[in-house]
Amino acid sequence: MSRGSVMVIGGSLGGLFAANLLRAHGWDVHVYERVADDLATRGAGIGTHPELFQVMRRLGITVDESIGVSVERRLCLARDGSLVLETHQPQTMSAWARIYRLLRAQLPDACYYPGIALETVEDRGGSVLARFSDGSAREADLLVGADGIRSTVRSLWRPDSVPRYAGYIAWRGVLEESAMPPDLHEAMMANYVFGLPPGEMMLCYPVPGRDDDVRPGHRGYNFVWYRPTDEATTLRELCTDSTGHCHGTSIAPPLIRPEVTRGIRQTARDLLAPNIAQVVELTVQPFFQAINDLESSCMGTGRVALLGDAAFVARPHIGAGVTKAALDAQCLADELEATGGDVPAALTRYDIQRRRFGHTVVERARWVGGYIETRGRPELARGRAMMPETPESALREVGAPLVKIAGLN
Ligand SMILES: Cc1cc2nc3c(=O)[nH]c(=O)nc-3n(C[C@H](O)[C@H](O)[C@H](O)COP(=O)(O)OP(=O)(O)OC[C@H]3O[C@@H](n4cnc5c(N)ncnc54)[C@H](O)[C@@H]3O)c2cc1C
């Protein structure tokens, strides 16, 4: 017998973790995803944590070496290509699409409604009513907002909680392993490589290739390059297409002007080790994302919950966005179980636990990225605790195990 009904808004990783865990606990779950196309075509490389794999195993997903590419060695290269520091820090690097496909395969198609966006939510006390872009209205016992950083659920329900631009962007891209010249491959492919120009941070690491292939020769080499960028002028200029239309603070990769792409390649040659610059040079379509902090004032009350990036967004330095979404979903499912399906009681407990976690990871990631933010906004540096801008700190703290972050456990 069903425990009750749940509408999950957003069919990305957070929504799929919630949907699969709640179904496993006997809830009747329906997922509404605004995007009609297959989401597996999006995303880039991600760092993982053991906690993410624990939640996946709980769903019956086999997590073996095909989940990603293992990398043991971290190197920091100076501008002239010389080795500044080498450390040993094993980590599995995966890809957004790899995790997505595994989670999506767990959920029957009959529970997943692509191309339908949530428009309004009304908590009626005994139930929650949602209206959708196809004109339909549906009622359930619980609504889970897993609709990302620009969450419709949050904007309707907690309009005071908004993302704050961190003062920098991340240039990203994935170079196919087969496109790497032999000397570049030899120097880089097995390694997690850092470049640290003043006030910036460049990371390069191997990831699964197209169709999640982790076989040597078929993988990808991912880069993420954090650069201070003024929001009012430079970011808007970067987000202006060749017709002169400004898309706000983000732009679809194919619309990035060719001169912008040429510019970032030139900057890579000017600031980074030759091997790292070559990765940027050879990547077909580098793209960028603005980096934000988001903290929600509430993650669950009554019959509405927020989860994943809809609730809290930490800067990507600790590489825990997907793991946080999985742990949010797990906590929600467990609290609903512990309260015998009493939704308001479960959400009160969920809110306390997950808001504390979200706040801790946001603070930690702000600390790691503090030197990048204050490079562009020096007035924010006074009295602020920040990670020292040293290779030792960067290699140790980026993607550090969650068990090493005080306050998370
Ligand atoms: C540069 C960068 C690097 C990163 N690196 C890592 C990493 O190494 N490791 C890691 O764990 N994480 C990383 N992350 C973070 C990670 O990508 C996110 O935290 C994670 O994908 C969050 O998933 P989510 O499901 O909560 O939100 P999202 O993936 O944003 O999904 C929200 C979904 O909701 C849908 N939606 C929105 N509005 C509506 C609506 N009204 N109705 C219906 N559907 C709607 C959207 O279409 C979307 O599919 C990185 C992020 C960035 C920017």
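These figures come from a predicted structure and were not determined experimentally. Here, residues in each chain are numbered from 1, in the same order as that chain's written sequence. Selection of residues for local features in this predicted model requires a pLDDT of at least 70, selection of side-chain atom pairs for listing and counting requires 80 or more, and totals for whole chains, interfaces and linings are taken over all residues. In computing side-chain properties, one takes all heavy atoms of the structure into account and sets aside hydrogens as well as water.

(A) Main features of the nonpolar core. Think of a nonpolar core as a cluster: buried Ala, Val, Leu, Ile, Met, Phe, Trp, Tyr and Cys residues, connected wherever their side-chain atoms sit within 4.5 Å. Burial status follows relative accessibility: with a 1.4 Å probe on protein chains alone, a residue under 20% of its type maximum counts as buried, one over 50% as exposed, and anything between as partly exposed. Judged by nonpolar contacts, the single largest core of 78 residues is most densely connected at Phe17, Met56 and Leu143. Contacts between residues were defined by any pair of non-hydrogen atoms, one from each residue, lying within 4.5 Å. When sequence neighbours within four positions are dropped, the list of residues in contact with Phe17 reads Leu52, Val55, Met56, Leu59, Leu103, Val322, Ala326 and Ala329.

(B) The arrangement of the site of the ligand in detail. Only a single heavy atom is needed: when it lies within 4 Å of a molecule or strand, its residue is near that molecule or strand. Taken together, 32 residues lie near the ligand, and Ser12, Gly14, Glu33, Gly47 and Val322 sit nearest. For the ligand, an oxygen atom lies 2.6 Å from a polar atom in the side chain of Glu33. We count a stretch as a helix when DSSP gives it H or I for four or more residues in a row; a strand needs E for two or more, and each element gets its number in order from the N terminus. Among the secondary structure elements, those contributing two or more residues to the shell around the ligand are helix H1 (13-24), strand E2 (28-33), strand E3 (45-47), strand E11 (164-176) and helix H9 (321-338). Broken down by element, the residue count for the shell around the ligand peaks at three residues, all from H9. Polar contact is defined as a pair of N or O atoms within 3.5 Å, subject to the rule that within protein one atom must be able to donate a hydrogen and the other to accept it, and that residues adjacent in sequence are counted only when both atoms are side-chain atoms.

(C) Up close: unusual backbone geometry. If you check the backbone angles, Asp211 has positive phi at about 55° while not being a glycine. Position of Asp211 relative to the elements: it lies in the loop between strand E13 (201-207) and strand E14 (220-228).

(D) Expanded view of the domain arrangement of the protein. Taken domain by domain, the protein consists of domain 1 (5-61 + 98-163 + 292-404) and domain 2 (71-92 + 166-291). Boundary definitions for the domains trace back to an automatic or database domain assignment. Taken over C-alpha atoms, the centre of domain 1 sits 26 Å from the centre of domain 2. Taken together, the contact between domain 1 and domain 2 spans 31 residues of the former and 33 residues of the latter. As a working definition, buried area equals the accessible area (1.4 Å probe) given up by two parts on being put together, with both sides summed. Of the roughly 2600 Å² buried between domain 1 and domain 2 on both sides combined, carbon and sulfur atoms contribute 59%. When the area that domain 1 buries against domain 2 is broken down by residue, the three leading residues are Ile372, Leu395 and Val398, summing to 25%. Between Lys or Arg on one side and Asp or Glu on the other, a salt bridge is scored when a side-chain nitrogen of the former is within 4 Å of a carboxyl oxygen of the latter. Where domain 1 meets domain 2, there are two salt bridges.

(E) Highlighting the sheet that holds strand E10 (residues 142-145). Pairing between two strands requires that DSSP report at least two bridges joining them. Ordered in space as E6-E2-E1-E10-E17-E16, the six strands form an open sheet in which the pairing is mixed. Two strands close off the open sheet at either side, each with one partner strand: strand E6 (112-114) and strand E16 (300-301). In the sheet, E2 pairs with E6 via three bridges, with the strands oriented parallel. Each bridged residue has a counterpart across the sheet, and for Val31 the counterpart in E6 is Tyr112. Note on geometry: axes are C-alpha line fits, over the in-contact stretch for helices, and angles between N-to-C directions span 0 to 180 degrees. Helix H10 (residues 343-376) contacts E10, E16 and strand E17 (304-306) of the sheet and is inclined by roughly 25° relative to E17.

(F) Fine view of the pattern of salt bridges. On inspection of all chains with the given rule, the structure shows 26 salt bridges. Here Arg396 ties to Glu397 by a salt bridge, and the two come within 3.2 Å at their closest N and O atoms. What you see here is one network of salt bridges that share partners, running through Asp293, Arg315, Glu363, Arg366, Glu373, Arg377 and Arg384.

(G) A look at the sheet that holds strand E9 (residues 137-140). Read from one edge to the other, the open sheet built from three strands follows the order E7-E8-E9, with strand pairing classed as antiparallel. Sheet topology places strand E7 (118-123) and E9 at the edges, where each strand pairs with a single neighbour. Direction aside, neighbouring strands of the sheet carry axes that sit 20° apart on average. Strand direction decides the pairing type here: E7 and strand E8 (residues 128-132), joined by five bridges, are antiparallel. The residue bridging Leu118 from the neighbouring strand is Phe132, located in E8.

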